[in-house]
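# Descriptive analysis of the structure
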Amino acid sequence: MSEERSLNFLEEIIEDDIKNGRNDGRVHTRFPPEPNGYLHIGHAKSICLNFGLALKYNGKTNLRFDDTNPETEETEYVESIKEDVKWLGFNWENELYASNYFDELYAFAVKLIEKGLAYVDDSSPDEIAAQKGSPTEPGTPSPYRDRTIEENLRLFSEMKDGKYLDGEKVLRAKIDLSSPNMHLRDPLMYRIRHAKHHRTGDKWCIYPMYDFAHGQSDAIEKITHSICTLEFIPHRPLYEWFIDKLDIFPSRQYEFARLNMTYTVMSKRKLLQLVNEGFVNGWDDPRMPTISGLRRRGFTAASIRDFCDRIGVAKRENSIDVSLLEFCIREDLNKKAWRRMAVLDPIKLVITNYPEGEEILHGENNPEEEGGGGSRDIPFGRELWIEREDFMENAPKKFFRLAPGLMVRLKHAYIIKCDDFVKDESGNITEVHCSYFPESKSGQDTSGIHVKGTIHWVSIPHAVTAEVRIYDRLFRSEDPAANGEDFKELINPESLQTIPQIYIEPDLAKAEQGVGYQFIRKGYFTLDKDSSAGKLVFNRTVSLKDTWAKEVKKG
RNA sequence: UGCCCGAUAGUAUAAAGGUAGUACGACGGUUUUUGGUACCGUUUGUCUAGGUUCGAAUCCUGGUCGGGCAACCA
């Protein structure tokens, strides 16, 4: 709180507006998704921005579905969007739909026709495109541009009544065919689409275009700050033109740079292809940058909010390093996740001087949690699973694990010394033999022995099995979108690695979905929805930072 | 060869004419019963050329580079 944070450009605008008494100091934003796909991390930036601004300035935020294109929009998407926004921790003021305003929008269009500012055009799409000219050449008027108001009124009404086929006629605004801004060269306002709408059904066969719906919806809701992404900058004069000619509430549009992230694609169209063409297993595949994918992967809402806070808001194009997202989830989970032990690649360890039978040890749930977070029981015995990579026959000098003659501590248990190992006929190590120091028990160590390394383990007779899914980045390239439509060629073939059987400590049999666990020394994991009573499946959310792996790579 | 937006360490983001700072990354170290965490340190930057000014990342002009705009998508 004491830390003063500089304002982003939108906060500056809002504070300025409040200071000047604009809108009576009222702040009302909106988050306007089109229900034609699942929300992704880029939307999270927009959500955090819109809801965050309202929260900060004591305002409100509407959730408004921009559903003016019946051909691509579905209720399934509406539901997922609502779930994701809620999960992120935000509450909208009103759940609204652009389709709620179809009657008003129609009346607005009639009003513009009456003012001589809109006309029905019978030109084909190609003809209209030609009429618009090019950025360097002015457009030419449609032969239908000067129809009388009465004729336009009649024709538009007939369009609404279903008298024409798709594409036969459109309604266009009459603005300026020689404008240097292409969007002002008599843009389309309405098109004919005999399609069933997810909300209005068959009531309408004409649908407003984005430009004739968005600003007016903002105005109807008295949105004060309509925040969108950079590509809408050239639309702003049109947004203002409609508001001005219709004489409705003057909402204002502001634009910020959308989020891009390394090693991922961030367009709904591309994500849809990944889903439809089977490169991933659905919108919520844990490798997807969707909110639902991240959630299934084990990301917390808090970590995503923190990420959105750290990336900032500005108007320049950007590409955020995924490592920042990974930092955010590690930071959050470090504080929250319960520590547990799991062996992913097992090798058998025998403590030769340990008696038959078991002993119950105790392990802290989370050393980072204030007050300790309690502890759980861990059965220990003579035969344990340990990680194969924690033993080396010929260890390099800085290897602080097991090798003949070396000592390590078994986490929450005893210090052991490696005496011997067993190999099978093909040279694979099958067993490691150690002796333990009874007086070195964790928490009551009087042995005086100091070891550099600690390794995790699971008691063989008590071990529970599970499947684990290890994820890597979906793309091999830092900027897959730069490859255009061929982005799919850059998919990382090793983005999903399934380990069918790992050994986990018995307490983990009680694992629940939506909870993050740290498998000590291995990473953060969470229970996947594919789990069933007889089969536990864990997703690795993110690995732990691993400076040893880095050391090894350096050689 | 039109119009619009933008340009600060590797990546983001501050500095509103007055010491270029912060985070992530990278690198090194201390602590540690997780090679985790925590803590400390190091490294690297104002696109360019002029101009205004005592003083410019900031203001002005030209250039360069990047992005967007000519869907009956949003």
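Below, the structure is looked at part by part.

What counts, and where the lines are drawn
Residues numbered from 1 in each chain as written. Chains lettered and ligands numbered in written order. Predicted model: local features only at pLDDT ≥ 70, side-chain atom pairs only at ≥ 80, totals over all residues. Heavy atoms only, no water. Core = buried A, V, L, I, M, F, W, Y, C linked by side-chain atoms within 4.5 Å. Buried < 20%, exposed > 50% of the residue type's maximum accessible area, 1.4 Å probe, protein only. Helix = DSSP H or I, 4+ residues; strand = E, 2+ residues; numbered from the N terminus. Contact = heavy atoms within 4.5 Å. Near = heavy atom within 4 Å. Polar contact = N/O pair within 3.5 Å; in protein donor to acceptor, adjacent residues only side chain to side chain. Nonpolar A, V, L, I, M, F, W, Y, C, P; charged D, E, K, R; others polar. Pairing = 2+ DSSP bridges. 1 Å grid on protein atoms, 1.4 Å probe; cavity = no way out; pocket = protein on both sides within 12 Å on 5 of 7 lines; lining within 4 Å. Points joined across faces, edges and corners; volume = space filled by probe spheres on them.

### Details of the nonpolar core
One finds Phe-156, Met-189 and Tyr-190 to be the most contacted residues of the largest nonpolar core, which totals 37 residues. Elements supplying a minimum of two residues to this core: helix 4 (102-114), strand 4 (118-121), helix 6 (149-160), strand 5 (170-173), strand 6 (188-192), strand 7 (206-208) and helix 8 (236-246). With sequence-adjacent residues up to four places away left out, Met-189 is seen in contact with Ala-109, Leu-112, Ala-118, Leu-171, Arg-172, Ala-173, Tyr-207, Pro-208, Met-209, Phe-212 and Phe-242. Counting residues in each nonpolar core, the second largest holds 35 residues, with Phe-31, Ile-41, Val-78 and Val-85 among its members.

### Re the protein's contact with RNA strand B
With respect to spatial proximity, 64 residues lie near RNA strand B, and among them Arg-339, Glu-368, Ser-442, Gln-518 and Arg-521 are the closest. Taking all atoms of RNA strand B within 4 Å of the protein, the share assigned to sugar and phosphate is 63%. Between RNA strand B and the protein, one listed contact pairs a phosphate oxygen with a side-chain N or O atom of Thr-68 at 2.6 Å. Within the side chain of Arg-193, an N or O atom sits 3.2 Å from a base oxygen of RNA strand B. Of all the secondary-structure elements, those providing two or more residues to the surface near RNA strand B are helix 5 (125-131), strand 6, helix 11 (301-311), helix 12 (322-336) and helix 13 (547-554). Within the surface near RNA strand B, the residues separate by chemical class into 23 nonpolar, 19 polar and 22 charged.

### Some points on the sheet that holds strand 18 (residues 429-436)
Across the sheet, 7 strands lie side by side as 19-16-17-18-12-15-20; this open sheet has mixed pairing. Strands with a single pairing partner mark the edges of an open sheet, and in this sheet they are strand 19 (454-455) and strand 20 (457-459).

### Focus on the layout of surface pockets
Considered as a void within the structure, the second largest pocket measures approximately 930 Å³ in volume. As for the second largest pocket, its lining consists of 35 residues, of which Pro-32, Glu-34, His-43, Phe-232 and Lys-268 are closest to the centre. Among the secondary structure elements, those contributing two or more residues to the lining of the second largest pocket are strand 1 (28-31), helix 2 (41-56), strand 8 (225-229) and helix 9 (268-276). For the lining of the second largest pocket, the element with the most residues is helix 2, which contributes 4 residues. In terms of residue class, the lining of the second largest pocket is made up of 14 nonpolar, 11 polar and 10 charged.

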